[in-house]
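Fold and contact review
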Amino acid sequence: MNAATAVFKRELKGYFGTPLAYVFLVIFLVATLFWTFAGGLGEAPFFDARNASLRTLFSKLPWMFAFLGPAAAMRMWAEERRAGTVELLLTLPVTIRQAVLGKFLAGWAFLGIALLLTMSMVLTTAYLGDPDPGPIFTGYFGAFLLAGAYLAIGGFFSALTKNQLIALLLGGVFCVLFVLAGSPSVVKFFDGMGLDWIGSILESLSFLTNYESMQLGMLEFRNVFAILAITIGFVWATTVMLNETKAR
Amino acid sequence: MIKVDRITKRFGSIVAVDGIEFEAKQGEVLGFLGPNGAGKSTTMKMLTCFLEPDSGTAEVAGFDIRKNPVEVRRRLGYVPENAPIYGDMTVRSFLRFVGDVRGMKGGALRNAIDRVVSLCTIDGVVNQTIETLSKGYKRRVGLAQALLHDPDVLILDEPTDGLDPNQKHHVREMIRGMGSEKCIVISTHILEEVDAVCSRAMIIGRGRLLADGTPAELKERGNGKLDDYFRKVTLEHQTKGGAA
């Protein structure tokens, strides 16, 4: 078995070995579905909208994953360094890149399972009406991509500190910043200062902007590329950071 | 099997390992002796490719630690200081994980696990979660992990530290038993341990090699007492270092 696969397997099992992961999973599901049915973020509650689509669900996911992503990532490296097991892991025949990748993919699979569990909403919507499968597919695909990006950001902060809580908080704050980057008020702020280019860079990196069209059923290369680029960037940064912090 | 070539490691302005040079062969149990902070652990971390040296290099089991770190790690077993292991796993699943990472499969892996489990006498606890084990058992699991692939080179950082006298005795017996077929490096600041298991000892202080010889030779230089010689070399070096 490949070393990265071995790490992946151990980590994925590890998620379901701790009660904390179940707690986070339940909080995520309850909060997401409650929010969907109760309405919010400028949208009517699911039933009031009288619309057989998952828009009311998808619009909540970028926010909910800003919490679940860093929560799934906080343990990743912080705990290895606190317990000293990082020295054991990285003196086995595995490269830092393989170890980082194995852990990242395991976390991504965990978030994918969380996302799968929201699919009861697909059944609900299909029972109540006749939803268009296109937006449901692109919406879920985009949400899965986003989950990976949040996880990558969280993983980076987990490599930065030995304290899981600090990793969670820093990761969460950064994820929210990435969500907010493209919001109209932020873009307007930079436009007002005559710095439109900053506004447009932020907008192109923003999770909200990139996810927007996918919720509507459009899969555009530049959106997928932007999210993947952020993900790969942070996974790479994690390997660099870990090389610095592993022995401390 | 180990060939160290003027290896150096700095942490900021502190020189932790300062151009250490030595060789160790199969059948040798080499003891690293030295006060705390002498550079024993740092040297081991470089030999196991956890840390990269700032200058110099080393060859372990025929591979260069800078050019082929993964090949080196394939061929050595390492127990880091305090033998950190994953507390949330059972002993068996932990050993299976280590085997997976090492690319061992099916029957070969099962046999290897059976072998190290009986070698380290952890038969009774294989299905227990590691965090529920006593310190002595945890240390033996750490050792089992390092022996799983029957490596030629074994590097043990203070393998008996924190164990009770019986556990110490057991670990030393194991090391002695393997000494003839492997190349083993152990670090310690317990001088009696050198007598008990090592075929050769090196005294390290302030990142430098201060003495190298069989335990008997070193004792002779201290007029029959290893303690005296140890104190003489390490303190002498410290005062010298302080003056400079």
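Relevant structure appears above.
Reading guide: rules and limits
- Residues numbered from 1 in each chain as written.
- Chains lettered and ligands numbered in written order.
- Predicted model: local features only at pLDDT ≥ 70, side-chain atom pairs only at ≥ 80, totals over all residues.
- Heavy atoms only, no water.
- Helix = DSSP H or I, 4+ residues; strand = E, 2+ residues; numbered from the N terminus.
- Rg over C-alpha atoms; globule rule 2.2 N^0.38 Å.
- Lys, Arg positive; Asp, Glu negative; His and termini not counted.
- Charge placed at Lys NZ, Arg CZ, Asp CG, Glu CD.
- Expected span 1.5 Å × (residues − 1).
- Buried < 20%, exposed > 50% of the residue type's maximum accessible area, 1.4 Å probe, protein only.
- Arc of directions from axis to C-beta.
- Contact = heavy atoms within 4.5 Å.
- Pairing = 2+ DSSP bridges.
- Axes fitted to C-alpha atoms, helices over the stretch in contact; angles between N-to-C directions.
- Parallel < 35°, antiparallel > 145°, perpendicular 65-115°, else oblique.
- Left-handed = near helix turned anticlockwise from the far one by under 90°.
- Nonpolar A, V, L, I, M, F, W, Y, C, P; charged D, E, K, R; others polar.
- Polar contact = N/O pair within 3.5 Å; in protein donor to acceptor, adjacent residues only side chain to side chain.
- Phe/Tyr/Trp six-rings, centres within 6.5 Å; stacked < 30°, edge-to-face > 60°.
- Lys NZ or Arg CZ within 6 Å of the ring centre and 35° of its normal.
- Salt bridge = Lys/Arg side-chain N within 4 Å of Asp/Glu carboxyl O.
- Disulfide = S-S within 2.5 Å.

As a further point, take the overall build of chain B. Looking only at helices and strands, one finds nine helices and ten strands in chain B. Taken against the 2.2 N^0.38 rule, which gives 18 Å for 244 residues, the C-alpha radius of gyration of chain B at 18 Å falls within 12% of a compact globule. Projected onto its principal axes, the C-alpha coordinates of chain B cover approximately 55 × 40 × 30 Å. A gap of 2 Å separates the mean positions of the 35 positive and 33 negative side-chain charges of chain B.

Turning our eyes to something else, we now look at helix H2 (residues 19-38) of chain A. All names here are of chain A. With 20 residues, H2 extends 28 Å between its outermost C-alpha atoms, agreeing within 8% with the 28 Å of an ideal straight helix rising 1.5 Å per residue. Looking at H2, one finds that the buried residues are Ala21, Phe24, Leu25, Phe28, Leu29, Thr32 and Thr36. Each buried residue of H2 lies within a common arc of 130 degrees when the element is viewed along its axis, so the set occupies one face. Opposite the buried face of H2, at more than 90 degrees from it, the exposed residues are Pro19, Val30 and Phe34. For H2, the elements touching its buried residues are helix H1 (3-17), helix H3 (55-58), helix H4 (61-73), helix H7 (96-116) and helix H8 (120-128). Looking one or two places after H2, you find Gly39, whose phi comes out positive at around 85 degrees.

Along a regular strand, successive side chains alternate from one face of the sheet to the other. Residues and elements named next belong to chain B. Within strand E3 (residues 29-33), five of the five residues are buried, leaving the element largely enclosed by the surrounding structure. By the bridge criterion, five bridges tie E3 to strand E8 (residues 183-188) in an arrangement that is parallel. For Leu33, the partnering residue across the bridge sits in E8 and is Thr188.

Residue and element names in this part refer to chain A. The geometry of helix H9 (residues 133-160) relative to helix H13 (residues 207-215) is characterised by a closest axis approach of 8 Å and an angle of 160 degrees between their N-to-C directions. Relative to H13, the element H9 lies roughly antiparallel. As H9 runs across H13, the sense of the crossing is right-handed. Residue-level inspection shows Pro135, Thr138, Gly139, Gly142, Ala143, Leu146, Ala149, Tyr150 and Ile153 of H9 in contact with H13, the latter providing Phe207, Tyr211, Met214 and Gln215. By residue class, the composition of the contact of H9 with H13 is nine nonpolar, four polar and no charged.

Bringing the side chain of Asn210 of chain A into the picture now. Residue and element names in this part refer to chain A. Checked against the element boundaries, Asn210 lands in helix H13. Judged by its relative accessible area of 3%, Asn210 is buried. A distance of 2.9 Å separates the side chain of Asn210 from the side chain of Asn223, its partner in a polar contact. When neighbours within four sequence positions are excluded, Asn210 is seen to be in contact with Ser204, Leu205, Arg222, Asn223, Ala226 and Ile227.

Right, let's get into the packing of aromatic side chains. Counting across every chain of the model gives 20 aromatic pairs over all chains. Ring geometry for Tyr150 of chain A versus Phe207 of chain A: centroids 4.8 Å apart, planes at 75 degrees, classification edge-to-face. Of the two residues, Tyr150 of chain A sits in helix H9 while Phe207 of chain A sits in helix H13, which places them 57 residues apart along the sequence. Three or more aromatic residues joined by ring pairs form one cluster here, namely Tyr150, Phe156, Phe157, Phe174, Phe178, Phe207 and Phe234 of chain A. Its end group placed over the ring of Phe97 of chain B, Arg10 of chain A keeps NZ or CZ at 5.5 Å from the ring centre.

This brings us to the environment of Val94 of chain A. Position of Val94 of chain A relative to the elements: it lies in the loop between helix H6 (85-89) and H7. Overall, the relative accessible area of 0% leaves Val94 of chain A in the buried class. For the pair formed by Val94 of chain A and Gly194 of chain A, sequence separation is 100 residues and the distance between their alpha carbons is 50 Å. What Val94 of chain A contacts, discounting residues up to four positions off in sequence, is Ala3, Leu89 and Ala99 of chain A together with Arg73 and Val101 of chain B.

Moving on, we get to the interface of chain A and chain B. On the chain B side, the residues contacting the 23 residues of chain A number 24 residues. Counting every contact that joins chain A to chain B gives four salt bridges. Where Arg75 of chain A meets Asp88 of chain B, a salt bridge forms, and the shortest distance between an N and an O atom there is 3.2 Å. Along the contact surface separating chain A from chain B lie seven residue pairs in polar contact (both at pLDDT 80 or more). Among the secondary structure elements, those contributing two or more residues to the side of chain A that touches chain B are H1, helix H5 (75-83) and H6 of chain A. Grouping the amino acids of the side of chain A that touches chain B by side-chain chemistry returns 13 nonpolar, four polar and six charged.

Let us look at the state of the cysteines. All names here are of chain B. Counted according to the given criterion, the structure contains zero disulfides over all chains. Considering cysteine sulfurs only, Cys183 is the nearest to Cys49, which forms no disulfide, with 15 Å between them. In this model Cys198 remains outside any disulfide bridge; the closest cysteine sulfur is found in Cys183, 12 Å from its own.

Residue and element names in this part refer to chain B. Secondary-structure assignment places Ala16 in strand E2 (residues 14-24). What makes Ala16 buried here is its relative accessible area of 12%. Residues Ala16 and Arg208, spaced 192 residues apart in sequence, show a C-alpha to C-alpha distance of 8.8 Å. Not counting chain neighbours up to four residues away, the residues in contact with Ala16 comprise Lys9, Arg10, Phe11, Ala38, Gly39, Thr42, Arg206 and Gly207.

For the structure shown, the criterion picks out 23 salt bridges over all chains. The closest approach of N and O atoms between Glu11 of chain A and Lys103 of chain A, which form a salt bridge, is 3.2 Å. In this pair, Glu11 of chain A sits in helix H1 while Lys103 of chain A sits in helix H7, placing the two residues 92 residues apart along the sequence. Grouping residues by exposure puts Glu11 of chain A and Lys103 of chain A together as buried. The partner of Arg172 of chain B in a salt bridge is Glu192 of chain B, with the nearest N and O atoms 3.8 Å apart. A residue pair is termed long-range when its members are at least 10 positions apart, and Arg172 of chain B in helix H6 (residues 165-178) and Glu192 of chain B in helix H7 (residues 191-197) qualify at 20 residues. Among the residues examined, Arg172 of chain B registers a relative accessible area of 11% and is labelled buried. Among the charged side chains, a network of salt bridges with common partners joins Arg10, Glu11, Arg75, Glu80 and Lys103 of chain A together with Asp88 of chain B.

Such coordinate-based values are descriptive only and should not be taken to indicate function.
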